[in-house]
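Secondary and tertiary structure notes
Listed below, chain by chain, are the residues.
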Amino acid sequence: MESNQLLQRLKKPQYALPAAIVVGMLALAFGVQPRTSGQAKDVSAIPIERSSATVPALPSATPTAAATKAAATPAGTAGQPASNTATSDVAGARSTPQVAPSSTVDPALQRQPTQCGALKESTSALAVEQAISGLSIKATKVAVYPIDYFRCILMATGGQEAYGLASSILKAEDQGQTHIVLIDLWLANASKQFGQVNLRHATVAMAGQSFVPLATLGGRAEVVVSSGQGRTLSLVVAIKNSIGETTGPITLVVEGPLLGGNQVPGKYQLFLPTP
């Protein structure tokens, strides 16, 4: 009886509508619950994908294999073209090329020793001067060396000019010359015109012999001196000494100068009292 009365009450609208709402809410709540397999998954075991674009790579403390190979390979080798960038020009990035001996050096000179030993020099300070038409030549110093010793000094000094002169001296030595005479000159022009002195055909006379210069140091053989100016240079002369260990007095002979383009007659004759 009581159950029938309860059903009759529930059928009434004021009871049926709230009951239907409660039943629907319970059904919805149970319907959206996730199904589990009875064991909870470990979240830490699930792999997580990360974008390489958003996570920067950390710098490595050791060089990579590619960087090591690039540092060990010189520019322009192993098929790689040489680079002229600022990076490749940094000091230490390139190996210094080895400079081969110049092909202009006489092979006979390359075999010569450069340990020249004790000083072998005879020097005389002079003040011997002669002027022609206002252009003067003054000898200020003369030095005499054994020819092999002077050649050794040149080879020890090095450089193309020294090697070239050493080659000329070696040829003179092969021809029987024994000493090198080095004469320091001062050329001054006191005239009002430009002057020129040609030392190419100068001669050094000694003990009845005459010798021509091998080279001029500090200037050309044709020396041009402007009005009121002066020039210094040195003559290198190979001589054959047949009178003893010393050369004795020598005489320097030079043709007269050109003044204003005109040849002046006469010759410079400077007597040099060398020991």
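Above this note sits the structure.
Residues numbered from 1 in each chain as written. Predicted model: local features only at pLDDT ≥ 70, side-chain atom pairs only at ≥ 80, totals over all residues. Heavy atoms only, no water.

**A short note on the overall build of the protein**
Counting secondary structure elements, the protein contains six helices and 13 strands. In the protein, of all internal contacts separated by at least 6 residues, the share reaching a separation of at least 24 is 67%. Carbon and sulfur atoms make up 57% of the accessible area of the protein, which amounts to about 18,700 Å² in all. (Helix = DSSP H or I, 4+ residues; strand = E, 2+ residues; numbered from the N terminus. Contact = heavy atoms within 4.5 Å. Areas by Shrake-Rupley, 256 points an atom, 1.4 Å probe, with all protein chains shown as cover.)

**Some words on unusual backbone geometry**
Here the phi dihedral of Ser 133 falls at roughly 55°; this positive angle occurs in a residue that is not glycine. Relative to the assigned elements, Ser 133 resides in the loop between strand S1 (122–132) and strand S2 (135–146). In this structure Ser 133 comes out as partly exposed when scored by relative accessible area, which is 46%. Even without being glycine, Ala 207 reaches a positive phi, approximately 50°. Along the chain, Ala 207 turns up in the loop between strand S5 (203–206) and strand S6 (209–211). (Buried < 20%, exposed > 50% of the residue type's maximum accessible area, 1.4 Å probe, protein only.)

**Quick look at the sheet that holds strand S7 (residues 213–217)**
The five strands lie next to each other as S1-S2-S3-S9-S7, forming an open sheet whose pairing is antiparallel. Taken across any chain shown, the strands that pair with only one partner, and hence form the sheet edges, are S1 and S7. Averaged over all pairs of adjacent strands, the angle between their axes in this sheet comes to 20°, without regard to strand direction. Across the face of the sheet, helix H5 (residues 147–157) comes into contact with S2, strand S3 (179–189) and strand S9 (230–239) while running at roughly 100° to S2. (Pairing = 2+ DSSP bridges. Axes fitted to C-alpha atoms, helices over the stretch in contact; angles between N-to-C directions.)

**Description of the sheet that holds strand S10 (residues 250–255)**
If you walk across this open sheet you meet the four strands as S6-S5-S10-S13, and the pairing is antiparallel. The two strands at the open ends of the sheet, each matched to only one other strand, are S6 and strand S13 (267–272). Strand-to-strand twist across the sheet, computed as the mean angle between neighbouring axes with direction ignored, equals 25°. As defined by bridge partners, S5 adjoins S10 across three bridges and the pair is classed as antiparallel. Following the sheet pairing, Val 204 is matched in S10 by Leu 252.

**Regarding the state of the cysteines**
Overall, the coordinates contain one disulfide when judged by the stated rule. The partner cysteine of Cys 116 in its disulfide is Cys 152, sulfur to sulfur 2.1 Å. Looking down the S-S bond of the Cys 116 and Cys 152 bridge, the torsion is -95°, so its handedness is left-handed. In this pair, Cys 116 is assigned in the loop between helix H4 (107–110) and S1 and Cys 152 in helix H5, connecting sequence segments 36 residues apart. Take Cys 152: its relative accessible area is 9%, and that puts it in the buried class. (Disulfide = S-S within 2.5 Å.)

**Comments concerning the layout of surface pockets**
Its boundaries defined by the atoms lining it, the second largest pocket holds a volume of some 150 Å³. Around the second largest pocket, the lining residues are Phe 150, Leu 154, Glu 161, Ala 162, Leu 165, Ala 215, Thr 216 and Leu 217. Per-class residue counts for the lining of the second largest pocket are six nonpolar, one polar and one charged. (1 Å grid on protein atoms, 1.4 Å probe; cavity = no way out; pocket = protein on both sides within 12 Å on 5 of 7 lines; lining within 4 Å. Points joined across faces, edges and corners; volume = space filled by probe spheres on them. Nonpolar A, V, L, I, M, F, W, Y, C, P; charged D, E, K, R; others polar.)

**Concerning the pattern of salt bridges**
For the structure on display, the rule yields three salt bridges. In this structure, Arg 151 engages Glu 173 in a salt bridge whose closest nitrogen and oxygen atoms are separated by 3.0 Å. A residue pair is termed long-range when its members are at least 10 positions apart, and Arg 151 in helix H5 and Glu 173 in helix H6 (residues 160–174) qualify at 22 residues. Note on Arg 151: relative accessible area 7%, which makes it buried. (Salt bridge = Lys/Arg side-chain N within 4 Å of Asp/Glu carboxyl O.)

**Notes on the environment of Gln 196**
Positionally, Gln 196 belongs in strand S4 (residues 195–198). On the basis of relative accessible area, Gln 196 is assigned to the partly exposed category, the value being 22%.

**With respect to H5**
Within H5 the residues assigned to the buried category are Ile 147, Tyr 149, Phe 150, Arg 151, Cys 152, Leu 154 and Met 155. Gly 158, located one to two residues past H5, shows a positive phi value of around 80°.

**With respect to the side chain of Thr 247**
Relative to the elements of secondary structure, Thr 247 occurs in the loop between S9 and S10. Each residue touching Thr 247, except ones within four places of it in the same chain, is listed here: Val 144, Met 206, Ile 239, Asn 241, Thr 274 and Pro 275.

**Focus on the nonpolar core**
Counting 31 residues, the largest nonpolar core has Ile 183, Leu 185, Leu 252 and Leu 272 as the members making the most contacts within it. At the level of elements, S1, S2, S3, S5, strand S8 (222–225), S9, S10 and S13 are the ones that each hand at least two residues to this core. With residues near it in sequence (within four places) discarded, Leu 272 still touches Leu 126, Val 128, Ala 139, Val 142, Ile 183, Pro 249, Ile 250 and Leu 252. If you look at the next biggest cluster of nonpolar residues, it comprises 16 residues, including Ala 143, Ile 147, Phe 150 and Ala 238. (Core = buried A, V, L, I, M, F, W, Y, C linked by side-chain atoms within 4.5 Å.)

So far we have only geometry, and geometry alone does not tell us how the molecule works.
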